[in-house]
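Reading the structure
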Amino acid sequence: MRIDRWFKRRIPTLSLSHLAKICRKGEVRLSGKRVDTSTRVVAGANVRVPPLSMEGVKAPAVKKAVFSEADARAIRDMILLDDRDLMVLNKPFGLAVQGGSGTKVHLDGMLASLANERGDRPVLVHRLDRDTSGVLLIAKTRKMAADLGEVFRSRSAQKIYWAMVEGVPRPAQGRISLYLAKGEAMGDNRVVRPKGKQAPEERRDIEKMRVAKHGEADAQHSVTYYAIVDKLAPRLAWLSMKPLTGRTHQLRAHAEAIGCPIVGDPKYGHGDEDSYRRKDPNRNLPTGVENKLHLLARRLILPHPRGGVLDVTAPLPPHMKKSWEMFGFDASQYDPIMDAPEE
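First, a word on scope: everything that follows refers to the structure included in this document. For clarity, every value in this text was computed on a predicted model and none was experimentally measured.

Here's the deal with the overall build of the protein
Counting its regular elements, the protein contains nine helices and 14 strands. Taken over C-alpha atoms, the radius of gyration comes to 21 Å for the protein, in line with the 20 Å a tight globule of 343 residues would show. Expressed as lengths along the three principal axes of its C-alpha atoms, the size of the protein is roughly 65 × 45 × 40 Å. The buried share of the protein, reckoned over its 343 residues, is 41%. In the protein, the share of contacts with a sequence separation of at least 24, taken over all contacts with a separation of at least 6, comes to 68%.

In C-alpha cells form, the structure reads like this:
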C-alpha cells in the first residue's frame, strides 16, 4: 500500500499537501529511511509518524455515493471482459482515469455507480493517460486489486501498445533504456508558479518527463522495446511498443527521445528539430490526420490470480482507425513485438 493511503486510513483528517510537506522534510520515515508519498509500505515495516497537531480540524464529511445509471451504462459499454473478480475496459480517448485539478468527470468516479449494497465498489489496478485509449484493468474487490497489483509489480504482466509516430526510427526494432525524472510542475514536489508568467512552451516543458542522468535526484530507470509494424517512409511509422517499466508518460517520452514523437501528442515532440522536420514537405504529416494522441493500450497479458492467463485486446479508437485506413495499415497483421525479450 502507498504510504499516502496508509496515512489516509489511519489519520483521515491529515491533508495530502501536509503529508507531502512532512515527507519532504524527512519527518516521516519508513524503517529509518526517508520517503515520498508514493513509497509503498510493506508488511513488517516500521513507520515513524511525527507529532501532528490535529486540534480544530474536523473530519471531512463522508459523501454518500450517488448512483448514476448513465455512468453505469457508459462503463458497461466499455467492457471487453467481465468475470466475478475483474473487468477489462476499453477506455476511450479523452476520458481521465482519476480526478485532478479541474477534472470533474473521470473513470474512478464513474465506478461508484457499480457499488454494491454494502458500498463496495470496483477498484482501479493501473492507470492510462487521459488521451491514451485502450485496455484498462479494474478489480471488483480490494483483495483482488492487491493481488493484481502484485502481478504488475513482479513484471509478470505484458503490456503492448500501438502508436503512430512522426518519422521512421532506426533500427526497425530496438530497445530504449533511459533515466527519466519528472518536470518541476509534476508530482508531490511540484513548484507552483504564478499564472500568466510563462509562455505556453515553457509551461509545457515543466509538465513533462525529462531525460535524466543515472544518480540524479528522482531519476528512475525506464526500458521499452519497440518494433516497426508498417511505415510510410519517411513521414511516419506504426510502432508496437512493449514497456518493461511503468514510468509516467514513459512511451511518449521515449518516442520523443528517439526523434519520433507520437502523432498528436500535446506535450512531447515540440522542439526545434520537430519544427524543422514538419516544415519539410517530404517529411511532414499528410493532411487529414486528426490532431489527437495516436497511442493505444492494445493488449494486456497476465496470469489471472485464480489461475489461467488473462489475454485481452482493444480495438483501434475512431481517430486511429481513420489513420490506419488512410495509410492502408492492416491491424490484423503479425505484431513483431511478440518476439521482443521479457527482461
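With respect to the sheet that holds strand 3 (residues 47-48)
Ordered by their spatial adjacency, three strands build an open sheet running 2-1-3, and the pairing between neighbours is antiparallel. Each edge of the sheet is formed by a strand with only one pairing partner; in this case those strands are strand 2 (33-34) and strand 3. Here strand 1 (residues 29-30) runs beside strand 2; their pairing, made up of two bridges, is antiparallel. Across the sheet, the residue bridging to L30 is K33, located in strand 2.

A look at the nonpolar core
Residues L137, L148, M164, L302 and W324 are the most contacted members of the largest nonpolar core, which totals 31 residues. For this core, the elements supplying multiple residues, two or more each, are strand 5 (86-91), strand 7 (133-139), helix 5 (142-153), strand 8 (158-166), strand 12 (236-243), strand 13 (295-303), strand 14 (309-313) and helix 9 (318-327). In terms of residues, this core owes the most to one element, helix 5, which gives five residues. When near neighbours in sequence (up to four residues on either side) are disregarded, L148 contacts L86, V125, L137, A139, L302 and P305. Listed in part, the 29 residues of the second largest apolar core include I75, I138, L239 and A255.

Some words on unusual backbone geometry
In this model, R170 is joined to P171 through a cis peptide bond whose omega is 0°. Within the secondary structure layout, P171 lies in the loop between strand 8 and strand 9 (173-181). Within the chain, R155 stands out as a residue other than glycine whose phi angle is a positive 60°. With respect to the helices, strands and loops of the structure, R155 is situated in the loop between helix 5 and strand 8. The class of R155 is exposed, set by a relative accessible area of 53%. Unusually for a residue other than glycine, H249 sits at a positive phi of about 55°. Summarising the element assignment, H249 is placed in the loop between strand 12 and helix 7 (250-257).

Considering the environment of A227
Mapped onto the fold, A227 is located in strand 11 (residues 220-232). Accessibility expressed as a relative area gives 0% for A227, which makes it buried. Taking the C-alpha atoms as reference points, A227 and A340, 113 residues apart in sequence, are found 8.5 Å from one another. For A227, the contacting residues outside a window of four places in its chain are A172, Q173, W238, L239, S240, P336 and I337.

A closer look at the pairing of strand 5
Residues in a regular strand project their side chains so that they alternate between the two faces of the sheet. Most of strand 5 sits out of view: five of its six residues are buried. Where strand 4 (residues 79-82) meets strand 5, three bridges bridge the pair, whose relative direction is antiparallel. For L81, the partnering residue across the bridge sits in strand 5 and is V88. Alignment of strand 5 against strand 7, held across six bridges, turns out to be antiparallel. When the bridges of strand 7 are listed, M87 appears paired with I138.

Description of the pattern of salt bridges
Evaluated as defined, the whole model comprises 23 salt bridges. With a closest N to O distance of 3.3 Å, E27 and K25 form a salt bridge. We classify E27 as partly exposed; its relative accessible area is 26%. For the salt bridge of D85 with R306, the shortest nitrogen-to-oxygen distance reads 2.6 Å. Pair noted here: D85 is in the loop between strand 4 and strand 5 and R306 is in the loop between strand 13 and strand 14, with a separation of 221 residues, a long-range link. Classification of D85 as buried rests on a relative accessible area of 8%. Of the residues examined, R306 reaches a relative accessible area of 53% and is grouped as exposed. Several salt bridges share partner residues, and in doing so they unite E166, D274, R277 and R278 into one network.

Here we look at the packing of aromatic side chains
Under the definition given, this model contains six aromatic pairs. Judged by centre distance (5.3 Å) and plane angle (75°), the ring pair of W6 and F7 falls under edge-to-face. Each member of the pair, W6 as well as F7, carries the same accessibility label: buried. Between W324 and F329, the ring centres sit 5.7 Å apart and the planes meet at 85°, which makes this aromatic pair edge-to-face. Classification of W324 as buried rests on a relative accessible area of 2%.

About the thresholds
Residues numbered from 1 in each chain as written. Predicted model: local features only at pLDDT ≥ 70, side-chain atom pairs only at ≥ 80, totals over all residues. Heavy atoms only, no water. Helix = DSSP H or I, 4+ residues; strand = E, 2+ residues; numbered from the N terminus. Rg over C-alpha atoms; globule rule 2.2 N^0.38 Å. Buried < 20%, exposed > 50% of the residue type's maximum accessible area, 1.4 Å probe, protein only. Contact = heavy atoms within 4.5 Å. Pairing = 2+ DSSP bridges. Core = buried A, V, L, I, M, F, W, Y, C linked by side-chain atoms within 4.5 Å. Salt bridge = Lys/Arg side-chain N within 4 Å of Asp/Glu carboxyl O. Phe/Tyr/Trp six-rings, centres within 6.5 Å; stacked < 30°, edge-to-face > 60°.

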